[in-house]
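Spelled out from the first residue to the last, the chains are:
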Amino acid sequence: MSKKKDKAWFVLFTVPLLFVFTTVVIIPFIIGIVYSFVSWDGIPANPKVFVGFDNYVKLIHDDRFLASSWHTIKFTVLSLIAVNLFGLLLSLLVTSKLRVSNTARTLFFMPNLIGGLILGYIWQFIFTDAFKLIGQKTGLENIFFNWLLDPQFALYAMVIVFTWQMAGYTMIIYIAGLQGIPDDMIEAAKVDGANMWHRLTKIIFPLLMPSFTICLFLTLSGAFKMFDVNLSLTKGGPNNATEMFAMNIFNEIFGYGHYGLGQAKAIVFFLIVAILTLTQVAITKRKEVQM
Amino acid sequence: MIKVKKGIGLLTVTALIAAMVGCGSSNDGNSSPSASSGSGSSPSASNSSPAAPEKQKKITIFQSKVEIAESLEALTKKYTEETGNEVEVWGSAGDAYGTQLQAKLTANQGPNIFSVGTGSEAEKLKSYLYDLSNEPYVSNIAPNVALKLDGKVVGVPYGVEGFGLVYNKKLVDPKNVTDLASFTATLEKLKADGKNGLSLSQEAYFLIGHIINMPFALQPDPKVFIEKLNKGEVKLADTKEFQEFAKFMDAIKANSGNPMEVKYDSQMGDFATGKTAMVHQGNWSYGMLKDYGDLGFDVGMMPFPLAGNTKLSIGVASNWVINGKSDADEIKASSAFLNWLLTSDAGKNAIVNEFKFIPAMTNIEADSLDPLSKDVFEATKSGQTVSWAFNDFPPGIIVNDLAPATQEFFLKKDMTGQQFLQKLDAVWAKATK
Amino acid sequence: MKRSSKLIFEILLAAIALAFLSPVYIMVVNSFKNRAELYENALALPSSLSFQYYSKAMDKMNYLTAFGNSLFVTIVSVAIVVILASMTGWMLVRTDNKLSKIIFLTLVSTMLIPFQTLMMPLMQVMDWIRSNLHIPMLNTHGGLIYMNIGFHASMAVFLYHGFIKSVPIALEEAATLDGCTKFGVFWRIVFPMLTTITITIAILDVIAMWNDYLLPSLTLSDKGLRTIPLSTFYFFGEFTIVWNLAMAGLTLTIIPVVIFYFFAQKYIIKGIAAGAVK
């Protein structure tokens, strides 16, 4: 009896959301999988031809796709570290009882709000004009030159912009985590003579594990899917050195009109990333402390 | 209980997917009445037609040129005042138009009138383009600029546009820019005077797309040449006009600023303030120069002197088309609007003075053109024009392949023009295989 | 904390904040310049502080209508996401079986799918719903809200899932013994304890939905329905951007969110303070 009831409650609580989610995300995704076996230019009235695994074979030989995947991995690893270090640092700074905390919190949050083409323009200005100016003034022309023209540094430039955007985002989540740690626990540790480093590593970080899981995953998924910054800052250049995965797919689908091939790329990449990240989530989840 | 639910859920999902994927192509044939904006399908519009014979169904327009969006909205308001017929103008930002159009067509919510680029873009959307051959206004289209597919006229040009070397009349005399030798000498002289001779800019079309048009356009039949190139039967590196083009690119690389450091905004800013003597641009760039007020010098447009060429590259970027998948009433109403746009005084006036187009219609006077448009218009009248061969390039190739190769050319100090050609051959082959 | 070290922290914080803000500075100063002035020096302060570009941008964007549209879509979407995701998240945590795990992993892994690959099939599904079930999903605010919910569901569930563990299960059991239904337990006991994370999710979703361009651009066509980001399209030309209007438009877009955040974050702190007293 009660088991049946539990099931009814389960359905009542989860089905409304899952229904919407299924129609908006799952079904389109499955349709996308079907299209990955089709040769089609994406225009509804034009013919679709079933080609089996052709698209999958093609993508293995697509150097540019492989290169873009590699850029994406590099970009993701660097961003993952930078975003979370900054986000955590910011959240620790703004939750310590400093005079400027409240204002700082709002300021750090603002980069999140500037998006699209304007973001690209502003940062292009910083990396081209402002950097050159600084280089000339300080004589450090090895560091301050036009980063967007160098294949290596253009990628770093994207990491910087992405970090600038996302650090405030993860900060918000880390703040939520930090606020969940009872003050008396930290006070008690202080009384016991634990120094700041000990308080951080022995109390705060373990209790912050859920936030770590969430932030790492969000940064990871954000970095893998990153498109806006790529399009507005470098458009994949110079010479394709910063073409990321999402942009490669976008170009394949809407630039060349290879709909099926684009979908096939998306699915292969999704599978690889999903396996990697779910492992990561599983690992960090295990380290979370139940209260 | 749960199992049954799961089963039903699974069935629904499968049915949905089957419907979506399976019917995709057959759908268009039999569901044409619903193939348009849904909300507007009320019977009242068609029923009221006997009472007021002029009353047409409400239509929608979706078009790519953001610059004219406001004027077009104002114009449609005027149309409604004059005729009582309603027109809704949709908007899209920057280069998002193509994607959004595709999305709207996919959702069977296509606009009634929309715009397509000449060449491969029109080809791709062929099955949506309504045959305009019998519409009255089509006879006014200037020779050779109508959008034709399979012998049928399917689109009316927005207007003609042209590009070449836009120059500062105080700094450059066109007599000194007539072939490779004089072109190079002019660049060198300007460099010695502390001026930038010629500026390209980093946007794909302004970096390579437009300038590479000339060697293609100078081929006996550019379209055939591009087809051969796609099949790998010819090579750019072995073609005379391209070899000369490579030398021009060498001269630009050696004597002027790196275009990778320049954006369209700064390119025109440098030109407007006299730091750059020439830019490879089109008549549209005058809109930007205008923002700088009195320049203190006159501007003009001259041919890019590849192989002694004396012609401007002139073509049609966008065309008005009618969505053939709309229902019959909407097609009728759409054609009525195009007719009004292209023949009424208000419409003709808007095309020239509001949209700032160089008219491609014989019934529209071009009286108040800016200096660059005037040069383009004069060239059109005297036949001193070459076509826009790049409209027939494989889709996406300029942005995705040619531009990266050109970036490499300008960023690698030791890369020569000839190596650049080989690189272009390589990326072309890859993009079309 | 010692006084001197506190001062160092304050300075450090201020320095980072300034560095973070430099792009915002560029955005604001250039919303006051004309094209020639912008070309001259994008970093300099504007020569005059006239709000002409702001009033022009507001006028072109039809700001009040667009603001109303954005407000409606965002508030309704966020409210429904919070309600449905908190319920789902809680159920998935408290029901420890295979099905919950599969649902959770499915939700989470879909967060890795680039939107660009979903958008065309999504349009087909919405068209299917429109033509077969006669529910207008496209070119309506309701349809956009529905899709917003679908796309933001997984992140919200993921966040709730992570934080619900800090809610002591003993309280729930006690309430059940007192005769509360699951519904009662959740809304009376659990949900109030999730205030911090609820506000966090609300903030993150408000930013995402308020600023979203792509999804609304695919679903909303009519002028009267446009959200704020959609109505800035006039300023973004094919090759160039009308910078002053675009920057003014962007500033006008983000001001409401900054104000919202400013108040919401105070509420987080308060909520916590109240919770800590218990």
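Here the residue numbers are simple positions, counted from 1 along each chain's written sequence. A letter from A marks each chain and a number from 1 marks each ligand, given out in the order of writing. Selection of residues for local features in this predicted model requires a pLDDT of at least 70, selection of side-chain atom pairs for listing and counting requires 80 or more, and totals for whole chains, interfaces and linings are taken over all residues.

1. Side note on the overall build of chain B
Point 1. Per the secondary structure count, chain B includes 17 helices and 12 strands.
Point 2. Around each residue's C-beta, the other C-beta atoms within 10 Å are counted; 20 or more make the residue buried, 12 or fewer make it exposed, and counts in between make it partly exposed. All C-beta atoms are placed from the backbone. A buried classification covers 50% of the 433 residues belonging to chain B. Working definition: helices are DSSP H or I runs of at least four residues, strands are E runs of at least two. Numbering for both runs from the N terminus.

2. Topic: the overall build of chain C
Point 1. The secondary structure content of chain C amounts to 13 helices and 0 strands.
Point 2. Scanning chain C from its N terminus toward the C terminus, one meets helices and strands in the order α-α-α-α-α-α-α-α-α-α-α-α-α.
Point 3. Within the span of chain C, comprising 278 residues, buried residues form 51% of the whole.
Point 4. A fraction of 73% describes how many contacts in chain C between residues 6 or more apart in sequence connect residues 24 or more apart. Our contact criterion uses C-beta atoms placed from the backbone: two residues qualify when those atoms are within 7 Å.

3. A few points about the interface of chain C and chain A
Point 1. With 74 residues of chain C at the interface, the matching set in chain A holds 73 residues.
Point 2. Of all the secondary-structure elements, those providing two or more residues to the side of chain C that touches chain A are α1 (3-30), α4 (63-94), α5 (98-109), α6 (115-133), α7 (141-164), α10 (195-211) and α13 (243-277) of chain C.
Point 3. Here the residues of the side of chain C that touches chain A sort into 55 nonpolar, 15 polar and 4 charged. As a working rule, the residues Ala, Val, Leu, Ile, Met, Phe, Trp, Tyr, Cys and Pro are called nonpolar, Asp, Glu, Lys and Arg charged, and the rest polar, with Gly in that last group.

4. Brief notes about the environment of A:Ser91
Residue and element names in this part refer to chain A.
Point 1. Here Ser91 is to be found in helix α3 (residues 63-95).
Point 2. With 27 C-beta atoms packed within 10 Å, Ser91 lands in the buried category.
Point 3. Expressed as a C-alpha distance, the spacing of Ser91 and Ile175, which sit 84 residues apart in the sequence, is 5.4 Å.
Point 4. Each residue touching Ser91, except ones within four places of it in the same chain, is listed here: Met171, Tyr174, Ile175 and Leu178.

5. Focus on the interface of chain C and chain B
Point 1. Counting residues at the interface gives 29 residues for chain C, matched by 34 residues for chain B.
Point 2. Taken together, the elements giving at least two residues each to the side of chain C that touches chain B come down to α2 (35-40), α6 and α11 (214-219) of chain C.
Point 3. Counting residues per element, the side of chain C that touches chain B draws most heavily on α6(C), at 10 residues.

6. A look at the UniProt feature "transmembrane region" (unreviewed entry) in chain C
Residue and element names in this part refer to chain C.
Point 1. As recorded in UniProt, the feature "transmembrane region" (unreviewed entry) lies at residues 7-28, 71-93, 102-123, 143-164, 185-210 and 241-263.
Point 2. Its end C-alpha atoms 30 Å apart, residues 7-28 is made of 100% helix and 0% strand.
Point 3. Helix makes up 77% of residues 102-123 and strand 0%, with an end-to-end C-alpha separation of 27 Å. UniProt positions are given in the numbering used here, feature names are shortened, and annotations may be inferred rather than shown by experiment.

7. Describing the domain arrangement of chain B
All names here are of chain B.
Point 1. An automatic or database domain assignment is the source of the domain bounds shown. The domain architecture assigned to chain B consists of domain 1 (56-160 + 317-362) and domain 2 (161-315 + 378-432).
Point 2. Distance between the C-alpha centres of domain 1 and domain 2: 30 Å.
Point 3. Counting from both sides, the interface comprises 11 residues of domain 1 and, opposite them, 12 residues of domain 2.
Point 4. Per-element accounting of the side of domain 1 that touches domain 2 gives the leading share, 3 residues, to helix α5 (residues 120-124).
Point 5. Considering only residue class, the side of domain 1 that touches domain 2 consists of 3 nonpolar, 5 polar and 3 charged.

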